[in-house]
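Each chain, letter by letter, is given below.
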Amino acid sequence: SHVEGAVLDHGTGTYTCSYCAQKAGVYALHATVGPTSERLAHSPFQCVVSPTNCDAMQCKFAGEGLTRGLVGHPVTFTIFAHDRYRNRLGTTGGQPTSFSATVSCVGGDVTTSSPMGGPSGDIMLSINDLMDGSWALQYTPKRSGVYDVK
């Protein structure tokens with residue numbers, strides 16, 4: 001990806017350069033000076049851009065447990081964390097500092113859980129951090145019905 005930057009001349013022979021990359025990855029920073037764009041020594045420089053913090057509106061969900069399950073059998077689905085620029089979060093970079101989920105049977109049982117806490121309510125919900133920017137969630141429906149996951 002190509003990213004444009006800005007340069008601020010302090011008038012003292014020093015400059016401040018800035019850029020805003022929206023796609024995580026490894027970039028080559030090409031630094032030049034003067035009207036002929038003479039390349040600075042050691043340019044290009046390698047820059048690693050990491051994802052920013054998790055944005056709940058950009059997270060993705062997958063798994064059969066989002067659409068169906070059997071009473072008394074574990075139901076599983078996965079949440080994939082992404083930042084505001086839709087970069088997938090991994091084991092480095094921006095990570096969510098807290099995570100919670102709610103499962104409820106319409107008109108019935110409710111539980112909430114976080115990675116550090118246990119279930120509270122009649123539906124047992126577990127959250128397993130897969131250490132790659134995704135979480136596996138599992139619960140066992142106790143009765144037939146429509147379940148809401150938040």
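Coordinates for the structure precede this section.
The notes below deal with the structure included here. None of the values given here were measured: they were computed from a predicted structure.

1. Concerning the pairing of strand 2 (residues 15–19)
Bridge count for strand 1 (residues 5–9) against strand 2 is five bridges, and the pairing is antiparallel. By the bridge assignment for strand 2, Asp9 is matched with Tyr15. The turn joining strand 1 and strand 2, which pair antiparallel and follow one another in sequence, is formed by five residues; a positive phi near 75° is taken by Gly11.

2. What about the sheet that holds strand 8 (residues 75–80)?
Reading across the sheet, the four strands line up as 7-8-12-11 and stay open at both edges, with antiparallel pairing between neighbours. Looking at strand neighbours, the two that pair on one side only are strand 7 (60–62) and strand 11 (125–129), the edges of this open sheet. The mean inter-strand angle of the sheet, taken between neighbouring strand axes irrespective of direction, is 25°. Two strands pair when backbone bridges link them, and strand 7 and strand 8 are joined in this way by three bridges, in the antiparallel orientation. In the sheet register, Lys60 faces strand 8, and the bridge partner there is Phe80.

3. Considerations on unusual backbone geometry
Geometrically, the link from Ser43 to Pro44 is a cis peptide bond, its omega value of 10° lying close to zero. Mapped onto the elements of the fold, Pro44 is located in the loop between strand 5 (38–39) and strand 6 (45–49). You will see that Arg86, though not glycine, has its phi angle at about 70°, which is positive. The exposure class assigned to Arg86 is exposed, which follows from its relative accessible area of 58%. For Met131, which is not glycine, the phi torsion reads 65° and is therefore positive. Tracing the chain through its elements places Met131 in the loop between strand 11 and strand 12 (134–139). By relative accessible area, which is 57% here, Met131 ends up exposed.

4. Looking at the pattern of salt bridges
Opposite charge on two side chains allows them to pair when their charged atoms are near. Evaluated as defined, the whole model comprises two salt bridges. For the salt bridge of Glu64 with Arg68, the shortest nitrogen-to-oxygen distance reads 2.6 Å. Arg88 is the partner of Asp132 in a salt bridge, and the nearest nitrogen-oxygen pair spans 3.9 Å. Placement of Asp132 in the loop between strand 11 and strand 12 and of Arg88 in the loop between strand 8 and strand 9 (101–105) is noted, with a sequence separation of 44 residues between them. Taking relative accessible area as the criterion, Asp132 reaches 34% and is therefore assigned partly exposed. Using a relative accessible area of 38% as the deciding quantity, one classes Arg88 as partly exposed.

What counts, and where the lines are drawn
- Residues numbered from 1 in each chain as written.
- Predicted model: local features only at pLDDT ≥ 70, side-chain atom pairs only at ≥ 80, totals over all residues.
- Heavy atoms only, no water.
- Pairing = 2+ DSSP bridges.
- Helix = DSSP H or I, 4+ residues; strand = E, 2+ residues; numbered from the N terminus.
- Axes fitted to C-alpha atoms, helices over the stretch in contact; angles between N-to-C directions.
- Buried < 20%, exposed > 50% of the residue type's maximum accessible area, 1.4 Å probe, protein only.
- Salt bridge = Lys/Arg side-chain N within 4 Å of Asp/Glu carboxyl O.

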